[in-house]
Amino acid sequence: MKSKETVMKLKPERVALFNKVVTGNVQVEIGTSRRELIYERDRLCLYHYLSEQPARYKTPILLIYSLVNRPSVLDLQPGRSVIEHLVQAGHDVYMLDWGRPDPLDQHNDLNDYVSLFIRTAVRKVCEFAEVPQLHLLGYCMGGCLSAMYTALYPEKVKTLTLLGTPLNFRSEQLLYKWGTHPDRFDSRKIVEAWGMAPAWSFDGYSLLTVDKKPKVMQHLFDNLDDKEFLENYLAMDQWVNDNVSMPGACYAEFCHTCFKENRLIEGRLELGGRRVDLSSIECPVQIIAGKSDHLVPPETTCIENGPFRNVSAILAESGHIGLSVSRGSLKKVWPVASQWFAKNDGGSK
Amino acid sequence: MTEGIDLEAMTRQWQEIMMDGWSKATKQVVGSDSFAAASSSYMDWALSWQKQMRNNTGQFLDSLEFPKRSDVARISKQISAVELRIADMEDRMDKMAGLLGAMSHAMQKLVEHSVQQAQPAPQASAPTEVATESSQAPVKKAPVARKKAKV
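Residues numbered from 1 in each chain as written. Chains lettered and ligands numbered in written order. Predicted model: local features only at pLDDT ≥ 70, side-chain atom pairs only at ≥ 80, totals over all residues.

> When you look at the overall build of chain B in this model, what are you seeing that I'm missing?
Of regular secondary structure, chain B possesses 4 helices and 0 strands. Mapped from its N terminus to its C terminus, chain B presents α and β elements in the order α-α-α-α. For chain B, buried positions account for 1% of its 151 residues. (Helix = DSSP H or I, 4+ residues; strand = E, 2+ residues; numbered from the N terminus. Buried ≥ 20, exposed ≤ 12 C-beta atoms within 10 Å, placed from the backbone.)

> What should I look at first to understand unusual backbone geometry in this one?
For residues that are not glycine, phi is negative in most cases, and the peptide bond is trans in most cases. Residues and elements named next belong to chain A. Of note, the phi angle at Phe185 is positive, near 50°, even though the residue is not glycine. Structurally, Phe185 can be placed in the loop between α6 (174-180) and α7 (187-194). A positive phi is found at Asn262, a non-glycine position, where the angle reads about 50°.

> When you look at the sheet that holds strand β7 (residues 134-139) of chain A in this model, what are you seeing that I'm missing?
The strands that make up a sheet pair up through hydrogen bonds in the backbone, lying either parallel or antiparallel. All names here are of chain A. Pairing within the open sheet is mixed, and its 8 strands lie in the order β1-β2-β6-β3-β7-β8-β13-β14. The open sheet has two free edges, formed respectively by β1 (35-41) and β14 (311-316), since each of these has just one partner strand. Strand after strand, the sheet turns through a mean of 20° between neighbouring axes, direction not considered. As paired elements, strand β2 (residues 44-49) and strand β6 (residues 93-97) share 4 bridges and run antiparallel to each other. (Pairing = 2+ DSSP bridges. Axes fitted to C-alpha atoms, helices over the stretch in contact; angles between N-to-C directions.)

> Help me understand helix α5 (residues 141-152) of chain A in this model?
Quick reminder: α-helices carry 3.6 residues per turn. Residues three or four places apart thus point the same way. Residue and element names in this part refer to chain A. With 12 residues, α5 should reach 16 Å at 1.5 Å per residue; the first-to-last C-alpha distance of 17 Å fits that figure. Of all 12 residues that make up α5, 11 are buried, and the element is covered over most of its length. Regarding α5, the residues found buried are Met141, Gly142, Gly143, Cys144, Leu145, Ser146, Ala147, Met148, Tyr149, Thr150 and Ala151. (Expected span 1.5 Å × (residues − 1).)

> Is there a simple way to explain the packing of α7 of chain A against helix α2 (residues 33-63) of chain B in this structure?
Where α7 of chain A contacts α2 of chain B, the axes come no closer than 7 Å and their chain directions differ by 30°. Here α2 of chain B runs roughly parallel to α7 of chain A, going by the angle between their axes. For the pair α7 of chain A and α2 of chain B, the sense of crossing is left-handed. Facing α7 of chain A, whose interface residues are Lys189, Ile190, Glu192, Ala193 and Trp194 of chain A, α2 of chain B presents Asp44, Leu47, Gln50, Lys51 and Arg54 of chain B. Grouping the constituent residues of the contact of α7 of chain A with α2 of chain B by class yields 4 nonpolar, 1 polar and 5 charged. (Parallel < 35°, antiparallel > 145°, perpendicular 65-115°, else oblique. Left-handed = near helix turned anticlockwise from the far one by under 90°. Contact = placed C-beta atoms within 7 Å. Nonpolar A, V, L, I, M, F, W, Y, C, P; charged D, E, K, R; others polar.)

> In this structure, what is going on with the environment of Pro78 of chain A? I would like to understand it.
All names here are of chain A. Position of Pro78 among the secondary structure elements: in the loop between β4 (75-77) and β5 (80-81). Residue Pro78 is classed as exposed on the basis of its C-beta count, with 9 C-beta atoms lying within 10 Å. When residues no more than four places from it in sequence are discounted, the contact partners of Pro78 are Thr32 and Glu84.

> Would you take a moment to explain the interface of chain B and chain A for this structure?
Interfaces are often described in size by the accessible area the parts lose on coming together. Between chain B and chain A, the residue contacts involve 31 residues of the former and 35 residues of the latter. Broken down by element, the side of chain B that touches chain A gets its largest block of residues, 12 residues, from helix α3 (residues 69-118) of chain B. A class-by-class count of the residues in the side of chain B that touches chain A yields 12 nonpolar, 8 polar and 11 charged.

> Would you take a moment to explain the pairing of strand β13 (residues 285-290) of chain A for this structure?
The side chains of a regular strand alternate, residue by residue, between the two faces of the sheet. Residues and elements named next belong to chain A. A large share of β13 lies buried, amounting to 6 of its 6 residues. Along β13, one buried face is formed by Val285, Ile287 and Ala289 and the opposite face, lined by Gln286, Ile288 and Gly290, is buried too. Across 4 bridges, the pairing between strand β8 (residues 157-163) and β13 is parallel. The residue of β13 that forms the bridge with Leu163 is Ile288. As judged from the 6 bridges shared by β13 and β14, these two strands associate in the parallel manner. The residue bridging Ile288 from the neighbouring strand is Ile314, located in β14.

> I'm lost on the confidence of the model for chain B in this one. Help?
Low pLDDT means the predicted atomic positions in that stretch should not be read closely. Residues and elements named next belong to chain B. Model confidence for chain B is summarised by a mean pLDDT of 80, while 77% of its residues fall at 70 or above. Within chain B, α3 carries the highest mean pLDDT (92), whereas helix α4 (residues 133-136) carries the lowest (44). The model gives residues 128-151 a pLDDT under 50, and that stretch makes 26 contacts with residues more than four places away or in other chains. Both confidence scores are given for the complex: pTM 0.84, ipTM 0.75. (pLDDT = per-residue confidence, 0-100.)

Dropping the structure here:
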């Protein structure tokens, strides 16, 4: 019986499908929630997510994603989408999409992202929703930018949520050992050579999980006939391999000031001549971290002993990407986060 | 001779051993200091070569008096700087509008208060024929600043 199963698994069409999947020749559609474009500036787009029902809560949520990947991970597939979850919970959801920066954007630095792009997006959302304040939700590096923005421009931020966001760049994890070494991986050299941090340079992150690769392949091969599993795998794989280039000035500044010198948490970071002091943030802050996150381990998220005055924390049983796409997070983490937004809403619509 | 030997189970076992071996070995290699040092040196070498190429291309374009990408990017940066100043001005205007709104509200309250003060107290006797002009004149409310959303 077992041998029969093995023979079935090794059928030529199955092997051909496996080859197609691992070489990225099968595509699925991701990021399918209905949305409208409400503001556009060159490559930057601000989207409003549409719902059949009018939003129940007055204060909108603006999602700010990292500059390394595409934001589609927040809306991967129906049933595996943070955006879909929030919209269904009655929130008015917006997302800032950075687009795909090219060499013309190479001089954009952290101050441009915080003081110009995020500030404009916040203003546009407030104008569109006709509200004075919004909930800001930043994911990964987008969380760093959101925290910087909130520290510098607190007026329009009702609450701040940091999802898998590193604030204290000191950890024993490999990424931090490499990134914080004084003599290695000098980000400024990458920028001098390319002007940008090329998209392929972020493929190096795959080295951090290279030990798990054969087991992942084995699991894929064994479950190739499971349609739902295959669709999930393809969606994730498509997103993981869709890195974007980062403007050189921003990349070098982020790596040098945040990673190497840890200035953000120490209150020594300056943007546009103004000091970014995270301890000055007075609005409620929600920190969501993943226990097994190898990119942003819990100790870097300041889930304990952080600089904020009014903080709620959620430590999820997941990794970095699982925070937004795993079924466990969507069942356990996001309902709690959604309730927190509702609690801090200040009145229904 | 081969009866009782499960070849498939053996293959599975061998596969597991190989995968565990790979996992341990790569974890050890990638996590080692020598790997980090070697990749860093290789990166430095590759980047210095690329930088040289970039400089040479730049010099060639300079000699032809063609603008380089970085020249165009500099203009883009200047536009961002102008936008940044506009954003600053918008914030200041918001603050001013807020202050004006608060002032207008306070003025309105003040006018209402002074009108109430100016009105004669109701008397039990018949109303007097003579009334002051100010108490009869309709009070014009101060306009309240309204923020209109731009879409």
